[in-house]
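Here is how the chains run, residue by residue.
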Amino acid sequence: MSELTTIARPYAKAVFDLAVYKGELDKWSEMLAFAAAVASNETIIHYISSMHSAKKDAEIFIFVCGEQLNESGQNLIKVMAINGRLNALPNVYTQFITLRYEHDNQMDVDVLSAIALDQTQLDIIINKLEIRLERQVQLHCSIDETLIAGVIIRAENLVIDNSVSGYIRRLNNALQS
């Protein structure tokens, strides 16, 4: 998987630079999301991994994407097909979004809680994280009843475990040492 990440990096950076230059960040986000979904489709994966010409792979891929890709998006697909890199499109999208969030000074944060959080609690988490991280925060919430109570917050390399199950695990580790 890290190989695809390495392969995707220059494509993502080039597309990001083009999108910023042309003021088309939203359009490129949409195009890459769609192309990444197409590239993740089992039928397309099977087709691309078969022995076809790069030109044929690009034609089929562009046909499947239809009007979702503009001329620049189609050119990206052609270049990636020629280089045998269409399988890296999901990674290109992921890295593009990361670059966009850095550009927009935003960050995705995963919040895992034992119960659904109300809007007031979410607002408090957002405010505290925006101060600590010095970025705008976009929360992605999910529920895990095994936490018993509390939350686990994950933002890039930062993990804040304020759950009862986390306290129990840390207490258990302290007692065993």
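The shown structure was predicted, so the numbers you read here are calculated from the model rather than taken from an experiment. (Residues numbered from 1 in each chain as written. Predicted model: local features only at pLDDT ≥ 70, side-chain atom pairs only at ≥ 80, totals over all residues. Heavy atoms only, no water.)

### Quick look at the sheet that holds strand 3 (residues 150-155)
- A sheet is described by the order of its strands in space; here four strands give the open sequence 2-1-3-4, paired in mixed fashion. Edge positions in the open sheet fall to strand 2 (136-143) and strand 4 (158-163), since each of these has one partner strand only. On average, each strand axis in the sheet is tilted by 20° relative to the strand beside it, whichever way the strands run. (Pairing = 2+ DSSP bridges. Helix = DSSP H or I, 4+ residues; strand = E, 2+ residues; numbered from the N terminus. Axes fitted to C-alpha atoms, helices over the stretch in contact; angles between N-to-C directions.)

### Side note on the side chain of Gln95
- Along the chain, the position of Gln95 falls in helix 6 (residues 89-104).
- By relative accessible area, Gln95 is classed as buried at 15%.
- Excluding anything up to four places from it in sequence, Gln95 contacts Thr5, Ala8, Arg9 and Ala12. (Buried < 20%, exposed > 50% of the residue type's maximum accessible area, 1.4 Å probe, protein only. Contact = heavy atoms within 4.5 Å.)

### A word on the pairing of strand 2
- Relative to strand 2, strand 1 (residues 106-113) runs parallel, the two sharing eight bridges. Paired with Leu112 across the bridge in strand 2 is Ser142.
- On the question of chirality, the crossover connecting strand 1 to the parallel strand 2 by way of helix 7 (residues 119-133) is right-handed. (Right-handed = clockwise from strand over helix to strand, strands pointing away.)

### Some remarks on the packing of aromatic side chains
- For the structure on display, the rule yields one aromatic pair.
- Centroid distance Phe16 to Phe96: 5.9 Å. Interplanar angle 70°. Geometry classified as edge-to-face. Placement of Phe16 in helix 1 (residues 2-22) and of Phe96 in helix 6 is noted, with a sequence separation of 80 residues between them.
- Judged by relative accessible area, Phe16 falls into the buried class, the value being 7%.
- Taking relative accessible area as the criterion, Phe96 reaches 0% and is therefore assigned buried. (Phe/Tyr/Trp six-rings, centres within 6.5 Å; stacked < 30°, edge-to-face > 60°.)

### Focus on the environment of Ser113
- Tracing the backbone shows Ser113 in strand 1.
- With residues up to four places along the chain from it excluded, the contact list for Ser113 reads Ser142, Ile143, Asp144, Leu147, Gly150 and Val151.
- Within the structure, Ser113 has its side chain in polar contact with the backbone oxygen of Ile115 (distance 2.6 Å). (Polar contact = N/O pair within 3.5 Å; in protein donor to acceptor, adjacent residues only side chain to side chain.)

### Details of the packing of helix 1 against helix 6
- Packing of helix 1 against helix 6 leaves a shortest axis separation of 8 Å and a crossing angle of 50°. With respect to each other, helix 1 and helix 6 are oriented oblique. Helix 6 is crossed by helix 1, and the crossing has right-handed handedness. Mapping the contact onto sequence places Leu4, Thr5, Ala8, Arg9, Tyr11, Ala12, Lys13, Val15, Phe16, Ala19 and Val20 in helix 1 and Asn91, Val92, Gln95, Phe96, Leu99, Arg100 and His103 in helix 6.
- Of the residues in the contact of helix 1 with helix 6, the class split is 11 nonpolar, four polar and three charged. (Parallel < 35°, antiparallel > 145°, perpendicular 65-115°, else oblique. Left-handed = near helix turned anticlockwise from the far one by under 90°. Nonpolar A, V, L, I, M, F, W, Y, C, P; charged D, E, K, R; others polar.)

### Observations concerning the side chain of Ser165
- Within the secondary structure layout, Ser165 lies in helix 8 (residues 164-176).
- Note on Ser165: relative accessible area 16%, which makes it buried.
- A polar contact of 3.3 Å, which involves the side chain of Ser165, links it to the side chain of Ser163.
- If we skip the residues at most four places from it in the chain, Ser165 touches Thr146, Leu147 and Ile148.

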